[in-house]
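Results of the structural survey
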Amino acid sequence: MLLAYIDEIGETGAFVSRDHARFKTSPAFGYAGFIIEADNARQFSQEFAINKRNLFPTELAAAEHPGRWEVKGANIFRPQTLDLFPQQIRVFNHLVNRVRQLRGCLFFHADEKPIGTPAQTELDTSAREEAAMREALNRIARYAERHGSNVLVMIDQINEKDRATRLPIMYSHIFGRAADFPEMKRIVEPPMHIDSALSSNIQFADWVAACVTRAIDYQLIRDSPYRWVATTDKLDGLRGGFTFESKLHLWHRSVDDMHRHDLFRGPRVLYPHPAGRTVGERVDPAIFRKMKAAAERAATAKRGPSGR
């Protein structure tokens, strides 16, 4: 039996740009987390709890209920985390490697959003959420089929109204699709909602989702502050750690979708850098002025004294 723990990548709202007054949160939406054999799930949960306690001793000591205290992945993966709190990234990478050592894999699937306001894109947030969940389940089922095992899917708890709405939709999708895609039978039940405060594994899925969210931000937004997520060697456990089914589906792009560790490559296919320069390198202003002056002199010489 496999256990899949997943959480949301980004949020379902519209996206215009990073500096837009309202629609600036995330350029994609989907799900990410990890899949692990049931026999190893408890061991990993215990290791996560120990590492969290060692990483945040002050916060846990001050918490009213230390056993239920959690730190969100969004607070781990900030623009300056690698510089200010490198130990957090070191621990996260260690936990990624532990998942792999325990015969588990990381997982993600997300869809890039069309750029525009809700009115411009005719946004239906419920439809976006349902489509993302359906595709995540499809891909988790394929992974389970390749490994010859059934799977239970778990996700962070939501309010009862949303849960009651989503559950029959997921039941319908899983059982309805099974007639044409037998791998869907590998999913024992629709996603089970678990309070993250009570589940270390759901908490780690949140950390994975936050990391993937930042990597997507870097790949899709030109001026993203999260280049370090995709380029640092401190996250080497991520490369090769994702399921074959993991993918970022791009919206009407002229390039291919991004699969698995494509998200964690420094050179970006959407924003290629000029040859001879490294990613993120800027030309010194003084050198730029000299280059510009030289180009102007060359152009003048080519035209000749008549200016033709």
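Residues numbered from 1 in each chain as written. Predicted model: local features only at pLDDT ≥ 70, side-chain atom pairs only at ≥ 80, totals over all residues. Heavy atoms only, no water.

Going by what an unreviewed UniProt entry lists, the protein chain is known as DUF3800 domain-containing protein and is assigned to Nocardioides hankookensis.

Brief notes about the nonpolar core
This is how it is decided: What we call a nonpolar core is a set of buried Ala, Val, Leu, Ile, Met, Phe, Trp, Tyr and Cys residues that are connected through their side-chain atoms within 4.5 Å. Relative accessibility thresholds used throughout: buried, under 20% of the residue-type maximum; exposed, over 50%; partly exposed, between the two (1.4 Å probe, protein chains only). Starting at the N terminus, helices and strands are each numbered in turn, a helix being any DSSP run of H or I of at least four residues and a strand any DSSP run of E of at least two. Any pair of residues with heavy atoms lying within 4.5 Å of one another is described as a contacting pair.
Ranked by size, the top nonpolar core spans 57 residues in total, and within it F77, F92, F204 and L248 carry the most contacts. For this core, the secondary-structure elements that each account for two or more residues are strand 1 (2-9), strand 2 (28-37), helix 1 (38-55), helix 5 (86-101), strand 3 (105-112), strand 4 (151-156), helix 9 (200-220) and helix 10 (227-231). At 13 residues, the largest contribution of residues to this core is made by helix 9. Excluding anything up to four places from it in sequence, F92 contacts F77, F204, W207, V208, C211, L235 and L238.

Some points on the pairing of strand 1
Filter applied, for reference: Only strands that DSSP links by at least two bridges are regarded as paired with each other.
Within strand 1, seven of the eight residues are buried, leaving the element largely enclosed by the surrounding structure. In this structure, strand 1 lies alongside strand 2, joined through eight bridges in antiparallel fashion. Along strand 2, the bridge assignment pairs A4 with I35.

Overview of the pairing of strand 3
Counting buried positions along strand 3 gives seven out of eight residues, so the element sits mostly inside the fold. Two strands pair when backbone bridges link them, and strand 2 and strand 3 are joined in this way by eight bridges, in the antiparallel orientation. Within strand 3, the position partnered with F29 by the bridge is D111. In this sheet, strand 6 (residues 247-249) lies alongside strand 3 in parallel orientation, the contact comprising three bridges. Following the sheet pairing, H109 is matched in strand 6 by K247.

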